[in-house]
Amino acid sequence: MNLNTLFVGNVVQHFEVLSSTNAYATELLTKTAPSEGTVISAAFQEAGRGQIGSSWLASPGQNLLLSIILYPRWLEARQQFSLSQAVALAVADTITEQCGEAAQVKWPNDVYLGDKKLAGILIQNSLSGRFLQSSVVGIGLNVNEIDFPTDLPKASSMRLSAGQEYNLAAVQQLLFQRIEQRYLQLKSRSPHLRADYLRQLYRYQEWHPFQDMSTGQEFQGQIIGVQENGKLAIQKADQSVQYFDLKEVHFL
């Protein structure tokens, strides 16, 4: 039992191989009522996914591949992006503490150290009326990975970034603590959550090139905020502001 949290990670179902921890957790929810904070983890995922069907690749036993079952039934569906913010911050908190360098959140919820991606998050929510019913929070955190495909030049790990090998169990324990802290912060409606997200947002208030995926047009812009529904606000050189949803803008 995890003695350093109230509920996250108190129940852990670990598997050597799963198709997807998110898929297993989602199926589990259709059959039983797992306690809140139940974790499904795997040493290897055969079909790990990121946002909007992106694949997630990882070597067996080198990383944290897990899904956490939560019941944020007090959170309205229109506010569900705030759960994504809380989880991304928790992962960033974990990396920052372990690596000694401030991690950032690349919108919407990838976690970066410098210009390298160390973690991805996929949250699948079910709704009941205008409120969330349950959430499966999938996290892939590259911990000791040293082998990345050449077509993923941005991918890295805690080990490569910090130059040391990590104890997976210790990193997982800290991650559970930070997830619970940020989740309870969200539940208490803390204003610090949104402020922390903006403070740790990758490329926030900096001029960078972007590409509008609907037109293919490249432009210079700066991120000036994120709407409650999760859309990214980018101000262009002509001072106009455009709002982008998932997969509608590419960071160049």
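Our subject is the structure that appears above.
The text that follows walks through the structure, step by step, so that each part is easy to find. (Residues numbered from 1 in each chain as written. Predicted model: local features only at pLDDT ≥ 70, side-chain atom pairs only at ≥ 80, totals over all residues. Heavy atoms only, no water.)

### Quick look at unusual backbone geometry
The omega angle of the peptide bond from W107 to P108 is 0 degrees, so this bond is cis rather than trans. For P108, the position within the fold is in the loop between β4 (104-106) and β5 (110-113). Even without a glycine there, the phi angle at Q239 is positive, about 80 degrees. Among the secondary structure elements, Q239 is positioned in the loop between β10 (232-236) and β11 (241-244). (Helix = DSSP H or I, 4+ residues; strand = E, 2+ residues; numbered from the N terminus.)

### Notes on the packing of aromatic side chains
Here the structure, examined in full by the defined rule, presents nine aromatic pairs. Ring geometry for W74 against Y183: centres 5.6 Å apart, planes inclined by 50 degrees, an arrangement best described as tilted. Taken together, the positions of W74 in the loop between β3 (64-70) and α2 (81-99) and Y183 in helix α4 (residues 168-187) put the pair 109 residues apart, joining distant regions of the chain. Connected via pairs of aromatic rings, a cluster forms that spans Y112, Y202, F210, F219, F244 and F251. Just above the ring of F251 sits the side chain of K106; from NZ or CZ to the centre is 4.8 Å. Seen from the ring of F219, K236 lies directly overhead, with NZ or CZ sitting 4.7 Å from the centre. (Phe/Tyr/Trp six-rings, centres within 6.5 Å; stacked < 30°, edge-to-face > 60°. Lys NZ or Arg CZ within 6 Å of the ring centre and 35° of its normal.)

### Quick word on the pairing of strand β7 (residues 131-141)
Taken across its eleven residues, β7 has nine buried, putting it largely inside the fold. Here β3 runs beside β7; their pairing, made up of seven bridges, is antiparallel. In the strand pairing of β7, L66 is matched with I139. Where strand β6 (residues 116-128) meets β7, ten bridges bridge the pair, whose relative direction is antiparallel. In the strand pairing of β7, N125 is matched with S135. Between the end of β6 and the start of β7, which pair antiparallel, lie two residues, with G129 showing a positive phi angle near 65 degrees. (Buried < 20%, exposed > 50% of the residue type's maximum accessible area, 1.4 Å probe, protein only. Pairing = 2+ DSSP bridges.)

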